[in-house]
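# Structural characterization, general
Below, each chain spelled out in residue letters.
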Amino acid sequence: MNKKCAAKDNVNLVTDDVCTGCMACRNVCPVDAILSVQNSRGFYRPFIHHELCIECGKCRAICPQINVKEAKVQKQSYYAFKSSDSIRLESSSGGLFTWLSDYILEQGGVVFGCIVDQDLRIIHIGASDENTRNLMRGSKYVQSDVGLVYREIKKLLMENRKVLFSGTPCQCEGLLSYLGKLSEEDNLYTLDFICEGGASPFIYRDFLDYYQKKENIKIKEIYFRDKQRYQYKLPPILSRRLIVKGENAAGEDVLFYNRKINDRFHDCLFVCALQQKACEKCKFHSYNHCTDVTCGDFHRYKLDNGFHDDLGLSEILINSEKIERLLHRKNVSFQFIKCSKEDVWQPLLERNGKIWPFKNIFWKIYEKQGFEYASRLILLRIWRVKIQHLWGSVKYKIKKVI
């Protein structure tokens, strides 16, 4: 190997356990020497094609994990938010994304978000019409492939178009790092959410294969949180009802919900923690987010009994003045009430250092035996945790009554 190639081999990014897969490096590479590949657990990672690399250093210069910056919000305000009933039925919480994306589309802008495509892949795309935008509604709970959408966003901003990007906090950070000075443009709106981390795309695909084999169907659509059939309930995990639309052996389209199968994906995700390693030390487990607005499920229903219903509410943390101004424009399609910081608190807004006791156990079994065997073997342990959580909730309510 010549000295030039050896030098190129030293152009490396952060290690696999630190990388979030935001793909800012891939988007910034001027010679497309960085590819998106999946690691041993299925998470998207950059791979440097050293023979193409020109050693410009742009990938390292914009990597948010190498150039760590704490997001510091100067002034933050908090609200409970709900859109119309019809919109909330199609949304995970209160419909904040639809409200904000409607504004962008009305201004002739483009909305970027996560969809489940025809091949059931979880990917980011852009939308300039309502029908495509509507595919972005609802939680996906799987790491998405952002592809080269940051480049599309940069081009639109340079054309003076309005853009909304919705994604995980680390994806939004990757976009802002890639855009540099353009990230300060008034035409750019960024929305993230209080994030538990997306599951491995490998686990997701294996779950779908297991489902199709078990039910003898061909899955056409998947809904990670279906409020049309299961209304929003507390604790929130009760409203995370995964629904599958598929074609049965007779060629008929049918909605499938078998708790023994459907709940396996969510049970393994939220109890075994099938997220990537970087999620365990996420710096966005705090109130300081780099986006214009952060949203999540609003849990403090007793704040205003007249505001509460069973269709879900959003809690929103407003981090920029342009969102604050937008929220207070005259509009009859949504309602909101101002809250305190304590009203929107939830554990994921703290650096709580949560430990996932079943994570390593699950992955060891999965790597040897596959998803079906690993999820079945871990279910008894999961139910033990669920019962403990339920008993803790009951004891808390009893103490309040006493």
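As a starting point, this report considers the structure included with it.

Here is what the cut-offs are and how they apply
Residues numbered from 1 in each chain as written. Predicted model: local features only at pLDDT ≥ 70, side-chain atom pairs only at ≥ 80, totals over all residues. Heavy atoms only, no water. Core = buried A, V, L, I, M, F, W, Y, C linked by side-chain atoms within 4.5 Å. Buried < 20%, exposed > 50% of the residue type's maximum accessible area, 1.4 Å probe, protein only. Helix = DSSP H or I, 4+ residues; strand = E, 2+ residues; numbered from the N terminus. Phe/Tyr/Trp six-rings, centres within 6.5 Å; stacked < 30°, edge-to-face > 60°. Lys NZ or Arg CZ within 6 Å of the ring centre and 35° of its normal. Pairing = 2+ DSSP bridges. Axes fitted to C-alpha atoms, helices over the stretch in contact; angles between N-to-C directions. Contact = heavy atoms within 4.5 Å.

## So, the nonpolar core
The biggest cluster of nonpolar side chains holds 35 residues, and the ones touching the most others in it are Tyr204, Phe224, Phe265, Leu274 and Phe362. Every element with two or more residues in this core is listed here: helix 9 (201-215), strand 8 (218-223), helix 10 (259-272), helix 12 (359-369) and helix 13 (371-401). Among the elements that line this core, the one with the most residues is helix 10, at 7 residues. With 25 residues, the next largest nonpolar core counts Leu164, Tyr189, Leu326 and Leu327 among its residues.

## Some details on the packing of aromatic side chains
With the rule as written, the count across this model stands at 20 aromatic pairs. Seen from their ring centres, phenylalanine 81 and tryptophan 99 are 5.6 Å apart, and the 45 degrees between their planes marks the pair as tilted. On the criterion of sequence distance, the pair formed by phenylalanine 81 in strand 3 (residues 77-83) and tryptophan 99 in helix 5 (residues 96-106) is long-range, its members being 18 residues apart. Residue phenylalanine 81 shares its accessibility class with tryptophan 99, and that shared class is buried. Every member of this aromatic cluster is reached through a ring pair, and the members are Tyr141, Tyr204, Phe207, Tyr210, Tyr211, Phe224, Phe265 and Phe371. One residue, lysine 82, lies across the ring of phenylalanine 307, its end atom 4.9 Å from the ring centre.

## Observations regarding the pairing of strand 3
Burial runs high along strand 3: 7 of the 7 residues are buried. Note: strand 3 against strand 12 (residues 314-318), 5 bridges, orientation antiparallel. Bridge pairing links tyrosine 78 to leucine 317 in strand 12. Summarising the sheet, strand 3 and strand 13 (residues 334-339) pair through 6 bridges and their orientation is antiparallel. Note that in strand 13 the partner of lysine 82 across the bridge is glutamine 335.

## Considering the sheet that holds strand 11 (residues 293-297)
Pairing is mixed in the open sheet, where 8 strands are placed in the order 5-4-6-7-11-12-3-13. Edge positions in the open sheet fall to strand 5 (122-127) and strand 13, since each of these has one partner strand only. Neighbour to neighbour, the strand axes of the sheet diverge by 25 degrees on average, direction disregarded. One ladder, built from 3 bridges, connects strand 4 (residues 110-116) with strand 6 (residues 163-166); its direction is parallel. Looking across to strand 6, one finds that valine 110 is bridged to valine 163. Against the sheet, helix 7 (residues 149-158) touches strand 4, strand 5, strand 6 and strand 7 (188-193), its axis set at about 160 degrees to strand 6.

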